[in-house]
Amino acid sequence: MVISPLTKARSRSLANLRQRPIPVVALNRPEALPDTDAQGWNALSLAPEDEARQLASLAFADNLRNAVIVAPDTDWGRRMSASLSQEWRRLGGKISAQANIGDDVPASQTIAETLGASTSEARIKNVEDAFDAAVSARARRRADIDTVFLLAASPAEARALRPLLVFHYGGDLPVFAPSSVNADSQNLSNQDLNGVRFVETPAVLNTPHVDRYTRLQALGRDAIALVEHLQQSAETNAATVRGETGLLNRRRNGEIERELNSVVFAGDSIKSR
């Protein structure tokens with residue numbers, strides 16, 4: 001048995017082998033293989049795309065159908081948006097709008113335009129200007145959305161963007177986010193993220209002392225656990241390992257998908273959902 005490598009480039013070199021007389025559990029996920037080429041190949045990773053797909057499933061299970069995606073205009077943000085959008089549409093949901101947060105336009109302006117708040121405010125101002133009098137009206141967001149996927153790449157980014165959603169009349173919308181929004185620190189206040197539902201690895205939720213290596217160490221332990229269930233995982237479509245990085249399920253192309261725990265920020269604590 002080979003457990004490694006950790007980098008995507010070296011994992012790709014093993015994935016491209018025509019034969020694998022020794023089974024491989026790679027700790028990264030290169031491009032997907034055809035099912036027919038996956039004999040002896042297993043790719044276990046902390047791929048955030050797994051989280052994006054799970055967020056789509058969680059929201060859809062809550063009878064939500066019309067979503068807004070808020071994501072950074074980066075390679076990571078585009079990959080997350082693509083994975084989530086693909087799964088959301090496969091389930092039957094609709095992406096009503098997307099806010100790509102970049103450096104060229106203030107985030108507040110981007111979110112206001114995406115939620116339709118700026119258009120509503122402009123209509124009210126036009127009426128006030130036309131009649132030269134204040135109008136007793138409150139701006140509102142567009143009515144064709146019922147949920148937000150907040151694909152923030154860091155806790156700081158999430159804490160900056162969530163209040164903007166509230167300010168621009170989206171405070172009543174359910175918000176779903178990946179594990180990247182969790183600071184893993186008991187010293188940081190998450191009140192700005194109160195009510196945000198996200199997914200997290202069991203290893204982080206089950207230990208009081210989390211550091212930058214907690215998830216990586218959990219990945220190594222899950223690789224060992226997977227080795228003990230390789231034959232079983234290759235013969236079934238069901239999840240076979242309840243690991244520290246999530247519930248593990250081997251697809252026919254050798255990729256190991258993770259299902260993380262669904263949790264929610266509740267004040268300064270995290271609760272199961």
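This section reports on the structure supplied with the text. Since the model is a prediction, treat every value here as computed from it, not as a measurement.

## With respect to the sheet that holds strand 5 (residues 94–101)
With respect to topology, seven strands assemble into an open sheet ordered 5-4-6-7-8-12-13, the strand pairing being mixed. Only two strands of the sheet have a single partner each, and these edge strands are strand 5 and strand 13 (269–272). Here the average twist between neighbouring strands, direction ignored, is 30 degrees. Pairing of strand 4 (residues 66–72) with strand 6 (residues 147–150) involves four bridges; the strand directions are parallel.

## A look at the packing of helix 4 (residues 107–115) against helix 6 (residues 155–170)
At a minimum axis distance of 9 Å, the contact between helix 4 and helix 6 shows a crossing angle of 45 degrees. With respect to each other, helix 4 and helix 6 are oriented oblique. In this structure, the crossing between helix 4 and helix 6 has a hand that is right-handed. Facing A107, S108, I111, A112 and L115 of helix 4, the residues of helix 6 in contact are L161, L164, L165, H168 and G170. Residues of the contact of helix 4 with helix 6, tallied by class, amount to seven nonpolar, three polar and no charged.

## With respect to the nonpolar core
Across soluble globular proteins, you tend to see nonpolar side chains buried next to one another. Core analysis: the biggest nonpolar cluster contains 24 residues, and V70, I111, L150, L161 and V181 have the highest contact counts within it. Residue assignment for this core shows that the elements contributing at least two residues are strand 4, strand 5, helix 4, strand 6, helix 6, strand 7 (175–177) and strand 12 (261–266). At four residues, helix 6 tops the list of elements feeding residues into this core. Of all hydrophobic cores here, the second largest spans 20 residues; its members include L55, F60, W76 and L84.

## Things to note about the sheet that holds strand 9 (residues 241–242)
Taken in spatial order, the six strands make up an open sheet running 1-2-3-11-10-9, and their pairing is mixed. In this open sheet, the two strands that pair with only one neighbour each are strand 1 (2–3) and strand 9.

## Thoughts on unusual backbone geometry
Following S4, the chain continues to P5 via a peptide bond in cis, the omega torsion being 0 degrees. The phi angle at S4 is positive, at roughly 135 degrees, despite the residue not being glycine. Residue placement: S4 occurs in the loop between strand 1 and helix 1 (8–15). Positive phi is not limited to glycine here, since N63 has a value of about 65 degrees.

## Details of the environment of Q98
Mapped onto the fold, Q98 is located in strand 5. Residue Q98 is classed as partly exposed on the basis of its relative accessible area, which comes to 31%. A sequence separation of 16 residues divides Q98 from T114, and the C-alpha atoms of the two residues are 6.6 Å apart. Discounting residues that sit within four places of it in the chain, Q98 has contacts with I69, S81 and T114. Side chain to side chain, Q98 and S81 meet in a polar contact 3.2 Å long.

## Overview of the pattern of salt bridges
Scanning all chains against the criterion turns up 16 salt bridges. R251 serves as the salt-bridge partner of E255, at 3.2 Å between the closest nitrogen and oxygen. Counted as one network, the salt bridges with shared partners bring together R29, D50 and R53.

## A short note on the packing of aromatic side chains
Under the counting rule described, the total for this entry stands at four aromatic pairs. A ring pair is formed by F60 and W88, whose centres lie 5.9 Å apart and whose planes are at 85 degrees; its orientation type is edge-to-face. Within this pair, whereas F60 is found in helix 2 (residues 48–61), its partner W88 is found in helix 3 (residues 75–91), the two being separated by 28 residues in sequence. Both residues of the pair, F60 and W88, count as buried. With 5.2 Å between their ring centres and 80 degrees between their planes, W88 and F149 make a pair best called edge-to-face. One end of the pair, W88, is in helix 3; the other, F149, is in strand 6, with 61 residues separating them in the sequence. Here the aromatic residues F60, W88, F149 and F176 are joined through ring pairs into a cluster of three or more. The side chain of R65 reaches across the aromatic face of F60, ending 3.5 Å from its centre.

Calculation rules
- Residues numbered from 1 in each chain as written.
- Predicted model: local features only at pLDDT ≥ 70, side-chain atom pairs only at ≥ 80, totals over all residues.
- Heavy atoms only, no water.
- Pairing = 2+ DSSP bridges.
- Helix = DSSP H or I, 4+ residues; strand = E, 2+ residues; numbered from the N terminus.
- Axes fitted to C-alpha atoms, helices over the stretch in contact; angles between N-to-C directions.
- Parallel < 35°, antiparallel > 145°, perpendicular 65-115°, else oblique.
- Left-handed = near helix turned anticlockwise from the far one by under 90°.
- Contact = heavy atoms within 4.5 Å.
- Nonpolar A, V, L, I, M, F, W, Y, C, P; charged D, E, K, R; others polar.
- Core = buried A, V, L, I, M, F, W, Y, C linked by side-chain atoms within 4.5 Å.
- Buried < 20%, exposed > 50% of the residue type's maximum accessible area, 1.4 Å probe, protein only.
- Polar contact = N/O pair within 3.5 Å; in protein donor to acceptor, adjacent residues only side chain to side chain.
- Salt bridge = Lys/Arg side-chain N within 4 Å of Asp/Glu carboxyl O.
- Phe/Tyr/Trp six-rings, centres within 6.5 Å; stacked < 30°, edge-to-face > 60°.
- Lys NZ or Arg CZ within 6 Å of the ring centre and 35° of its normal.

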